[in-house]
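Below are the chains, spelled out letter by letter.
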Amino acid sequence: MSEEAKKSNYSADSIQALEGMEHVRMRPSMYIGDVGVRGLHHLVYEVVDNSIDEALAGHCDIIEVTINEDNSITTKDNGRGIPVGIHKKEGVSALEVVMTKIGAGGKFDKDSYKVSGGLHGVGVSCVNALSDHLHAIVHKEGKVWEQEYERGKPLYPVKSTGETDFNGTIVTFKPDATIFQQTLEYNYDTLASRMRELAYLNKGIRITLTDKRATDDKGAFISEVFHSEEGLKEFVRFLDASRSPVIGGVVSMEGEKNDIPVEVAMIYNDSYAENLHSYVNNINTHEGGTHLSGFRRGLTSTLKKYAETSGMLDKLKFEIAGDDFREGLTAIVSVKVAEPQFEGQTKTKLGNREVTSAVSQAVSEMLENYLEENPNDAKTIVQKVILAAQARHAAKKAREMVQRKSVMSIGGLPGKLSDCSEQDPALCEVFLVEGDSAGGTAKQGRDRMFQAILPLRGKILNVEKAMHHKVFENEEIKNIFTALGVTIGTEEDSKALNLSKLRYHKIVIMCDADVDGSHISTLILTFFFRYMKELIEAGHIYIAAPPLYLVKKGAKKQYAWNDDQRDIIVREFGENSKIQRYKGLGEMNAEQLWDTTMNPEFRTMRQVTIDNLTEADRIFSMLMGDEVPPRREFIEKNAVYANIDA
């Protein structure tokens, strides 16, 4: 058969059917998002989800997660234990079915689990498929049962290996290095953030995280216990630790509306940021959805009704918008839905319509009771809402000035911007460079075809502590807006970001490799997180990594990005090596800056991602807010990683 005939012979035999575990290994990103750092940690969350589901069903209150010395993970719970009897349809132990069949599990049986976080995920079978080795041990009804697997395939049938008076499941797995080629190393802080979150969302559960790769001053393994008796109330206080509250305490409620369990906690602080976090069955729905719509509706209607009745709005000359009621608000909404329907680009937007009215009713009742019982707090909230409305009008005028300036300037671009000649945004990148001096060097060293340079003068405004209209009046921030080509604010949502005219798909923050440079990078990142979060979520924000050292000996020279690299190079070059420490970008000439930091073939750039939205919100407010003690504690804890210049 000719090649042409082969190509046209498209029959049933041409369809490659990949089933179950084989398909997971062939297309892992379809199941866990990616095979990088995020996907690696997602494996842990999937296994822990099974234990959480047992807790939601009322059968488990202790979960232990251990990072072993070889970066394998062990999870242990005191639940009922995965069933081990023979599965009628499959003819093998139910444990083997759960571990080797995609979509198998008790959570699809409404009699076993009313709600389940794992429904959104892919289960322990996917973890098994992507693990080099997995060992499952089940303590159930007086006996210990075991089975081991290699890359998802059982090594032997489920067998009884002893007797026990404990009930629960223990799973140990080692991710497959052929799948996770970027890294196999688990980050303790990333796992701790998720375990802490789960403890707040499921009050009463005790989750222990232990890292056997590191020890404390007393020689004990690094370990933390996460436990909350008050749930979301404690969660809100934790998130708002670095902000100053303006009302007496956390407003909260917990109950069922229309057979949907709803839990809400909120507090007003003296900041200008709106921080709403929503969860469905423990899943962080960072795209929002019907539960968040219900919260906003209940909050706005109840507060507006109270404010109008109180007469405090009588002298206001314009309408109050929904955004005004949420300025300086930190709130968490958590719902449990039996059959959640997810939509959105990353499947983290709740679509169940019945949830809107359930949450709206719950929030209205909660707020009505609180406002009636706390008249002083009620007055404070309404006054804050009025100030927010006045600031919004001022910000709108400031935004209009930005838009007008864009239209009136040449090409709508700031004069300090050295643009590139390429017209396709997907191929273009812009460097936000600290200072005019370094900006001048970058302009000389860049590739003018696809690289643009925007110098920033000094430290930009700390948006964490500034009112919205002050942000839009800031010259450097106006330059960033106009250079990127994005607009902010629509009739429906005054904070919505329009990315349709984004001019560069790579936005690179390039600052000096010293303390001041790190501070400027953090200020810029805070601005992006608070006002252009969509750019981070779309993967457009990067941080350049200029070298710290140049090591020379005779004609030989080599750059180093940290002290360890420097020491290795010095040992290779031998005695009399000369070390130049770069304290700023301006100390490099154009050729050096291109070779080390701007040339796509050799440079190192760190892409900015958000793994945990609530934790990112907390850290930004702590680092850039007014409260010093939490910031000092954070710096002391992380100082071992910092490179402080004298």
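Look up a bit, the structure's there.
Residues numbered from 1 in each chain as written. Predicted model: local features only at pLDDT ≥ 70, side-chain atom pairs only at ≥ 80, totals over all residues. Heavy atoms only, no water.

**Student:** Explain the overall build of the protein to me, please; I cannot follow it from the model alone.
**Tutor:** Within the protein one finds 20 helices and 26 strands. Expressed as a percentage of the 646 residues in the protein, the buried residues total 51%. Long-range contacts, defined as pairs at least 24 residues apart, comprise 69% of the intrachain contacts of the protein with a sequence gap of at least 6. Counting only carbon and sulfur atoms, one obtains 49% of the accessible surface of the protein, whose full area is about 31100 Å². (Helix = DSSP H or I, 4+ residues; strand = E, 2+ residues; numbered from the N terminus. Buried < 20%, exposed > 50% of the residue type's maximum accessible area, 1.4 Å probe, protein only. Contact = heavy atoms within 4.5 Å. Areas by Shrake-Rupley, 256 points an atom, 1.4 Å probe, with all protein chains shown as cover.)

**Student:** Which parts of the structure should I look at to understand the packing of helix H12 (residues 436-445) against helix H18 (residues 590-598)?
**Tutor:** Relative placement of two packed helices is described by the angle separating their axes and the distance separating the axes. Running from N to C, H12 and H18 cross one another at 80 degrees; their axes reach a closest spacing of 8 Å. By the angle between their directions, the pair H12 and H18 is classed as roughly perpendicular. Packed against H12, whose contacting residues are Thr441, Ala442, Gln444 and Gly445, the element H18 presents Ala590, Leu593, Trp594 and Met598 at the interface. (Axes fitted to C-alpha atoms, helices over the stretch in contact; angles between N-to-C directions. Parallel < 35°, antiparallel > 145°, perpendicular 65-115°, else oblique.)

**Student:** In this structure, what is going on with the nonpolar core? I would like to understand it.
**Tutor:** Grouped burial of nonpolar side chains is what soluble globular proteins tend to show. Met266, Phe295, Leu299 and Val335 are the most contacted members of the largest nonpolar core, which has 53 residues in total. Broken down by element, this core gets its largest block of residues, nine residues, from helix H10 (residues 354-373). (Core = buried A, V, L, I, M, F, W, Y, C linked by side-chain atoms within 4.5 Å.)

**Student:** Hey, could you run me through the packing of aromatic side chains in this one?
**Tutor:** A ring pair, where both rings are aromatic, is described by two values, the distance of the centres and the angle of the planes. One pass over the structure, following the stated rule, counts eight aromatic pairs. Ring centres of tyrosine 200 and phenylalanine 235 lie 4.8 Å apart, and the angle between their planes is 15 degrees; this geometry places the pair in the stacked category. In this pair, tyrosine 200 is assigned in helix H7 (residues 188-201) and phenylalanine 235 in helix H8 (residues 232-239), connecting sequence segments 35 residues apart. On the basis of relative accessible area, phenylalanine 235 is assigned to the buried category, the value being 3%. Ring geometry for tyrosine 200 against phenylalanine 238: centres 5.8 Å apart, planes inclined by 40 degrees, an arrangement best described as tilted. One end of the pair, tyrosine 200, is in helix H7; the other, phenylalanine 238, is in helix H8, and 38 residues separate them in sequence. When the ring centre of tyrosine 549 is taken as reference, the NZ or CZ atom of arginine 566 above it lies at 4.8 Å. (Phe/Tyr/Trp six-rings, centres within 6.5 Å; stacked < 30°, edge-to-face > 60°. Lys NZ or Arg CZ within 6 Å of the ring centre and 35° of its normal.)

**Student:** Hey, could you run me through the side chain of serine 360 in this one?
**Tutor:** Along the polypeptide, serine 360 turns up in helix H10. Classification of serine 360 as buried rests on a relative accessible area of 10%. The residues touching serine 360, leaving out its near neighbours within four places in the chain, are Gly294, Arg297 and Gly298.

**Student:** Which parts of the structure should I look at to understand the sheet that holds strand E21 (residues 506-510)?
**Tutor:** Working definition: the strands of a sheet are paired by backbone hydrogen bonds and lie parallel or antiparallel to each other. Taken in spatial order, the five strands make up an open sheet running E18-E17-E21-E22-E26, and their pairing is mixed. Each edge of the sheet is formed by a strand with only one pairing partner; in this case those strands are strand E18 (451-456) and strand E26 (605-607). Averaged over all pairs of adjacent strands, the angle between strand axes in this sheet comes to 25 degrees, irrespective of strand direction. Sitting on the sheet, helix H15 (residues 515-531) is in contact with strand E17 (429-434), E18, E21 and strand E22 (541-544), with an inclination near 150 degrees to E21. (Pairing = 2+ DSSP bridges.)

**Student:** So what exactly am I meant to see when it comes to the packing of helix H9 (residues 290-310) against H10 here?
**Tutor:** At a minimum axis separation of 7 Å, H9 and H10 run at an interaxial angle of 35 degrees. Where H9 crosses over H10, the handedness of that crossing is right-handed. When H9 is examined against H10, the residues Thr290, His291, Ser293, Gly294, Phe295, Arg297, Gly298, Leu299, Ser301, Thr302, Leu303 and Tyr306 are found in contact with a partner set consisting of Val355, Thr356, Val359, Ser360, Val363, Ser364, Leu367, Glu368 and Leu371. Among the residues making up the contact of H9 with H10, the classes are represented as nine nonpolar, ten polar and two charged. (Left-handed = near helix turned anticlockwise from the far one by under 90°. Nonpolar A, V, L, I, M, F, W, Y, C, P; charged D, E, K, R; others polar.)

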